[in-house]
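Structure at a glance
Each chain, written out:
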Amino acid sequence: MIEVLGTIPIGAYTIYLNATLTLDVIYPMLLHRDTAVNTGDSNDDGWNESDEDAERQDNMSSTRHPHAPGRVYSAISKTNSLRKASILHAFGEVNQKLDDLEGFAAEIRVYCDGAEVRLMLTETTSQSLLEHTESLQQESPQVKMRKSIVTLFLDRFSLTDHEIEALTSRDVPVGARFFLAMDKTARLHAYSFISGEGGPTKAGMDIMSTTSSYLEHGYSKIHRWRWVQRTTSNTMLESILRLSQRPRLLSEALTVLSRSKQNALLNLFLNALTRGGTSSFPRSIELHARDPIRYIGDMLPWVHQAIAAECEFFESLFGISGRMNWMVGEVRVAGIEEEWVRNLLDTGARKLRVPLKARLMVISKCVVEQF
């Protein structure tokens, strides 16, 4: 009852109290007055002056308001009924609010039940995540150790971007940086042959495949290198040494080199015959063509000197300087490098034979005609 009254509006509750107090106070007074009047009428024997005065006053009051008690009670009852109706209306509104509140409470209960189910699912999932996290934390030291091992392995058995660029990029020339990258690639390729207990490992096969590809790129880059040079250099010597492991590429590179030397030697010979040296010194050999002995004496020493210079160039190229100076009667055992030098000299001097032979034939014909 206290909880219900607590929800009643204050104005309705005040009306209800006023109406109750009015009925409780006025209605007993009216009843008492009617009883007193009836008693006075039936008690005629005890008439006295005071009773007469009271009767006179009652008659006067009844003469003035013959239906006063009934009208008062009717007004009070009507007022009480109106107030009760307003109270009932207020209670109806309260009841409607309570019904709405009960509906809201039911909806809240449904939401709470759904939240409880989701909370239970979240708790289950969180428990599994916590267990997984704990297992990962326990595995963390092992993972760190494996990571350090893998990092060390990659640092030792893989090429850096700088080294890969040196092997494959055309912007990086053949030089010290290129040869260092090739040395490391060859070393890694040799390490890749190390096998495990059950045979070659997958990592070893991958390293072998990768390093083989980069080595081929390096050899191709050496093969495409500009071989047209008049003097030997450390780069050329190192390139010949590297290509010796690829005979086909070495043969092609030496062929290009021999052709360039052949053309250069022919141009030098023709310039010596027709133009002479720089600033016309020495003079051109053909200025003395009228003198056959001097003409031939100038051409043959020039050819001998040029072939000797070419022989020295190729010997230094293969690193066999001084090995082809045999003594008289010594057994000559030529190696692969000596064979390469002989073939390159033959190819380089081949074009000199045409202009030299033509001039020698002309001189011999002239000499024969004179005699």
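Just above sits the structure.
Report on the accompanying structure. (Residues numbered from 1 in each chain as written. Predicted model: local features only at pLDDT ≥ 70, side-chain atom pairs only at ≥ 80, totals over all residues. Heavy atoms only, no water.)

**Re the overall build of the chain**
Secondary structure assignment for the chain yields 12 helices and 0 strands. Reading the helices (α) and strands (β) of the chain from amino to carboxyl end gives α-α-α-α-α-α-α-α-α-α-α-α. Here the chain, with 371 residues, has 23% of them falling under the buried criterion. Partitioning the contacts of the chain with sequence separation of at least 6, the portion at a separation of at least 24 is 67%. Split by element, the accessible area of the chain, about 26,600 Å² in all, is 59% carbon and sulfur. (Helix = DSSP H or I, 4+ residues; strand = E, 2+ residues; numbered from the N terminus. Buried < 20%, exposed > 50% of the residue type's maximum accessible area, 1.4 Å probe, protein only. Contact = heavy atoms within 4.5 Å. Areas by Shrake-Rupley, 256 points an atom, 1.4 Å probe, with all protein chains shown as cover.)

**Some words on the packing of aromatic side chains**
The final tally for this structure, using the stated rule, is 3 aromatic pairs. With a centroid separation of 5.5 Å and 65° between ring planes, the pair formed by Phe-178 and Phe-179 is classed as edge-to-face. For Phe-178, a relative accessible area of 0% translates into the label buried. Given a relative accessible area of 8%, Phe-179 falls into the buried group. Here the aromatic rings of Phe-313 and Phe-314 are separated by 5.3 Å at their centres, their planes lie at 75°, and the arrangement is edge-to-face. Classification of Phe-313 by relative accessible area gives buried; the value is 7%. One cation-aromatic arrangement involves Lys-261 over Phe-313; the distance from NZ or CZ to the ring centre is 4.1 Å. (Phe/Tyr/Trp six-rings, centres within 6.5 Å; stacked < 30°, edge-to-face > 60°. Lys NZ or Arg CZ within 6 Å of the ring centre and 35° of its normal.)

**Some thoughts on the pattern of salt bridges**
Enumeration according to the criterion identifies 10 salt bridges in this entry. Among the ionic pairs, Glu-238 bridges to Arg-242, the shortest N-O distance being 2.9 Å. In this pair, Glu-238 and Arg-242 are both assigned in helix 8 (residues 234-243), 4 residues apart and thus about one turn of the helix distant. Residue class for Glu-238 comes out partly exposed when judged on its relative accessible area of 24%. Where Arg-294 meets Asp-298, a salt bridge forms, and the shortest distance between an N and an O atom there is 3.9 Å. Here Arg-294 pairs with Asp-298, and both are found in helix 10 (residues 292-318), just 4 residues apart, close to one helical turn. (Salt bridge = Lys/Arg side-chain N within 4 Å of Asp/Glu carboxyl O.)

**Some remarks on the nonpolar core**
In terms of nonpolar packing, the biggest core is built from 34 residues, with Leu-254, Phe-314, Leu-317 and Phe-318 touching the most fellow members. At the level of secondary structure, the elements contributing two or more residues to this core comprise helix 5 (161-168), helix 6 (176-191), helix 7 (202-223), helix 8, helix 9 (247-274), helix 10 and helix 11 (336-349). (Core = buried A, V, L, I, M, F, W, Y, C linked by side-chain atoms within 4.5 Å.)

**Details of empty space enclosed by the protein**
Counted by the stated rule, this structure contains 1 cavity of 30 Å³ or more. If you add up the space inside the largest cavity, you get close to 40 Å³. Lys-261, Gln-262, Leu-265, Ile-307, Glu-310, Phe-314, Leu-344, Leu-345, Gly-348 and Ala-349 are the residues that line the largest cavity. Within the residue set of the lining of the largest cavity, elements represented by two or more residues are helix 9, helix 10 and helix 11. For the lining of the largest cavity, the class distribution of residues is 6 nonpolar, 2 polar and 2 charged. (1 Å grid on protein atoms, 1.4 Å probe; cavity = no way out; pocket = protein on both sides within 12 Å on 5 of 7 lines; lining within 4 Å. Points joined across faces, edges and corners; volume = space filled by probe spheres on them. Nonpolar A, V, L, I, M, F, W, Y, C, P; charged D, E, K, R; others polar.)

That is the geometry; function is a separate question.
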